[in-house]
Structure formats: structure tokens, C-alpha cells
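So you can see what is in the structure, the chains are spelled out below.
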Amino acid sequence: MSQHVTIEDVTPRDGLQNEPTPVPLAQKLLLIQKLAAAGITHIQATSFVHPKWVPQLADADQLAKDLPPLPGVQYSALIPNLRGYERAVAAGIRHLEFVLSASESFNHRNLNRSLQESLALLEQVTQRALSDGVTLRVGFSVSFHCPFEGRISTQAVVKLARECRAIHPWRLALCDSDGMGFPNQVRDAVRALRDDLRMQNAEIALHFHDTYGRGLSNSLVGLEEGIREFDATTAGLGGCPYCPGASGNLATEDLVDLLHGLGYQTGIDLEKLLDAAEFALQFSSRPYQGHLLRAMRPGTCQKNELRPVP
Ligand code: MG
């Protein structure tokens with residue numbers, strides 16, 4: 001089994017979208033360059049949603065046009081609908097994540113439409129993507145727990161996956177948006193996607209938040225099941241606007257440290273990643289949420305923790 005693990009760093013999108021103060025475009029581009037310099041090959045740069053909903057990412061069109069073309073680096077962006085698709089492709093993005101939710105309530109709150117409506121949009125976007133040669137990954141928010149409906153059953157995830165895969169067998173990302181998933185749920189969901197839908201490990205990505213400190217445990221179970229693609233954010237930035245109490249995503253540096261310790265390869269330079277984490281931390285309104293930066297560069301975290309919370 002492959003020992004190479006792909007990290008999709010989603011800091012510029014999932015990390016920054018919840019910060020109360022929007023980060024200037026030039027700073028976002030600097031952050032992206034630092035991530036790439038650390039060896040991150042997959043970067044989720046932004047989200048093409050209506051700026052009214054996510055004002056922090058209102059610069060998506062310009063940011064996408066200004067992304068530095070770096071060898072070996074693949075940029076992606078999140079889209080919820082056809083309009084987002086058109087904006088993203090017009091701005092030059094060729095890898096998109098279509099988002100919908102594993103729970104009906106979260107789909108309504110987060111996307112303002114029913115799951116059936118999201119699936120109809122996925123169908124429209126799929127037709128366009130296939131004719132344009134654009135790649136999609138379909139991301140399921142709240143795959144394990146929903147702040148409105150509680151625990152999400154494996155059957156609900158499989159049902160939604162079956163409906164999506166009937167439209168087109170795009171790769172899927174199971175996202176633990178409020179960080180309340182448990183390792184046994186991760187194991188059950190991955191096994192069910194393989195057993196019931198005949199999905200391959202390479203068609204499944206995992207996206208964990210660390211609200212309850214379960215990000216690494218959940219990742220470990222995913223690894224043991226053979227999954228080799230994980231999302232994370234540098235310095236553990238992020239949260240979820242509709243998940244009260246959700247702290248950041250799993251910190252990229254914590255995940256990379258675990259992976260390297262277990263003998264996996266990522267192609268990522270941990271020291272340069274810590275440089276990127278230090279840089280990202282200045283955009284956070286909260287104390288550092290990860291572990292590695294605190295352990296290896298305690299001075300950085302102390303400075304941040306002494307800052308008044310706005
Ligand atoms: Mg997320």
C-alpha cells in the first residue's frame with residue numbers, strides 16, 4: 001500500500017473564511033506561497049460563494065487570477081452551485097470541490113436549499129465540468145455529526161454518496177465540519193463506501209476539524225483503512241459559522257508530524273511548514289489551536305496568546 005499521503009491545505013479557504021477580519025489579498029497570496037514553499041502540492045485557495053454569505057472570500061475572482069503558477073502545485077476552490085462554477089472556471093481554476101451536506105438541516109442553513117436542489121445543481125455542474133475538462137471533488141459537510149440533527153448515520157452518508165455517484169463517480173470528501181465525529185464512525189463510513197458502493201480508497205478524502213481533539217485519532221483510523229488524502233489547515237485556523245463552538249480544522253503541521261513519525265511520506269518540509277503556520281497565525285483571532293508550533297516554537301504561540309481577543 002502506498003506510503004505517500006497527499007495533504008490538501010485548505011487554510012486560505014476554510015481557515016480564513018471564519019476570521020472576523022478579512023485578510024488582504026496580498027497577504028493571502030503570500031500565505032499560499034509559503035504553503036507551496038513548504039512542499040504542499042494541493043491548496044484550496046478560495047470559495048466561489050456569494051460574497052454576502054462569506055465576505056472574507058469576496059476577493060475570490062481576483063485571488064484566483066493572481067495565483068502564482070507554481071510547478072507541481074494544484075489549486076482548488078469550493079463551489080456550491082453553477083454560478084460559483086462559472087466564476088471559478090472563468091478565473092482559471094480547474095479543480096473544484098462541490099459542497100453539499102450529509103444532513104438536510106445543514107444543507108438549508110449552510111447553502112439555503114434542499115439536498116434535492118443541491119443534487120440537481122451537482123448534475124448541472126457535472127455536465128459543464130465534463131465538457132470543460134474540469135475535475136470535481138464532492139465534499140459532504142457534517143458527514144459524522146450535524147449541529148442541528150446530531151449524529152449522522154453511516155447509512156445517510158452512503159445514501160448521499162450513492163446519489164452523487166449516480167450522477168458521476170467523482171471523488172468524495174467526508175468532512176467532519178463541527179469536529180464531533182468519532183474514529184469508529186470514520187472507519188464505518190469508509191468501509192461502507194467501499195463495500196456498498198465499490199469505491200476505491202483513492203476516491204475518498206477525509207477532512208477533519210479538531211474541536212474535541214479528535215482530528216489525529218480520526219486521521220489515524222482513515223490511514224489504517226488505506227485513505228491517503230487528508231485536508232487540514234496550517235496553524236489549525238478555521239471553524240464553521242454554523243457549528244457553534246467548532247474550533248479550527250486539524251492543524252496541517254500536527255498531521256504532517258504524525259505522518260512522518262509513522263513513516264509516511266508527504267514531500268512536506270516541516271520547518272518550512274512551521275514558518276507558514278507562524279505566518280498564518282497572525283490572521284487568527286484566537287490562540288493557537290494546534291500542538292506542534294507550541295511544542296517546537298513556544299515563543300510564537302505566547303505572543304499570539306497574549307493578544308487581546310477582539
Ligand atoms: Mg471544514
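Look up a bit, the structure's there.
Residues numbered from 1 in each chain as written. Predicted model: local features only at pLDDT ≥ 70, side-chain atom pairs only at ≥ 80, totals over all residues. Heavy atoms only, no water.

Caption draft 1: Expanded view of the coordination of the magnesium ion. At 2.1 to 2.3 Å from the magnesium ion lie its protein donor atoms, namely D14 (OD), H207 (NE2) and H209 (NE2). The sequence motif formed by the donor residues of the magnesium ion is D-x192-H-x1-H. A residue pair is termed long-range when its members are at least 10 positions apart, and D14 in helix α1 (residues 11–15) and H207 in strand β9 (residues 204–208) qualify at 193 residues. H207 carries the same exposure label as D14, and that label is buried. (Donors = N, O, S within 2.8 Å, 3.2 Å for Na, K, Ca; no water. Helix = DSSP H or I, 4+ residues; strand = E, 2+ residues; numbered from the N terminus. Buried < 20%, exposed > 50% of the residue type's maximum accessible area, 1.4 Å probe, protein only.)

Caption draft 2: Focus on the sheet that holds strand β10 (residues 229–232). Pairing in this closed barrel of eight strands is parallel, and the strands run β1-β2-β3-β4-β5-β8-β9-β10 around the ring. Taking the axes of each pair of neighbouring strands and ignoring which way they run, one obtains an average angle of 25° across the sheet. Relative to strand β4 (residues 95–101), strand β3 (residues 74–79) runs parallel, the two being bridged by three bridges. Residue pairing for β4: A77 is matched across the bridge by L96. The sheet contacts of helix α2 (residues 25–37) involve β1 (6–9), β2 (42–47) and β3, and relative to β2 the element is tilted by about 165°. Set on the sheet, helix α5 (residues 104–111) makes contact with β4 and β5 (135–141); between it and β4 the angle comes to about 120°. (Pairing = 2+ DSSP bridges. Axes fitted to C-alpha atoms, helices over the stretch in contact; angles between N-to-C directions. Contact = heavy atoms within 4.5 Å.)

Caption draft 3: Geometry of the pattern of salt bridges. This model, assessed by the stated rule, comprises 15 salt bridges. We note a salt bridge from D59 to K28, for which the minimum N-O separation is 3.0 Å. With a gap of 31 residues between them, D59 in the loop between β2 and α3 (60–66) and K28 in helix α2 connect regions that are remote in the sequence. Judged by relative accessible area, K28 falls into the buried class, the value being 2%. Where R297 meets E271, a salt bridge forms, and the shortest distance between an N and an O atom there is 2.8 Å. You can see R297 sitting in the loop between α12 (292–296) and α13 (298–306) and its partner E271 sitting in helix α11 (residues 270–281), a full 26 residues away along the chain. Classification of E271 by relative accessible area gives partly exposed; the value is 40%. Connected via shared salt-bridge partners are E97, R137, R171, E229 and D231. (Salt bridge = Lys/Arg side-chain N within 4 Å of Asp/Glu carboxyl O.)

Caption draft 4: Inspection of empty space enclosed by the protein at higher detail. By the definition in use, this model includes one cavity of 30 Å³ or more. In this structure, the largest cavity encloses a volume near 30 Å³. Looking at the largest cavity, the residues that line it are H4, V5, T6, I7, G39, I40, T41, T266 and I268. (1 Å grid on protein atoms, 1.4 Å probe; cavity = no way out; pocket = protein on both sides within 12 Å on 5 of 7 lines; lining within 4 Å. Points joined across faces, edges and corners; volume = space filled by probe spheres on them.)

Caption draft 5: Spotlight on the side chain of T233. In this fold, T233 is placed in the loop between β10 and α10 (252–261). Residues within four places of T233 in sequence aside, it is in contact with D9, V10, T11, D14, G15, N249, L250, A251, T252 and E253.

Caption draft 6: Main features of the pairing of β3. Of all the six residues making up β3, five are buried; the element is thus mostly covered by neighbouring parts of the structure. As paired elements, β2 and β3 share five bridges and run parallel to each other. Bridge pairing in β3 links I43 to Y75. What joins β2 to β3 is α3, and the crossover it makes is right-handed. (Right-handed = clockwise from strand over helix to strand, strands pointing away.)

Caption draft 7: Representation of unusual backbone geometry within the structure. One non-glycine residue with positive phi stands out, namely V142, at about 45°. Tracing the backbone through its elements, the reader meets V142 in the loop between β5 and β6 (145–146). Despite not being glycine, A235 shows a phi value in the positive range, around 65°. You can call A235 buried: its relative accessible area is 1%.

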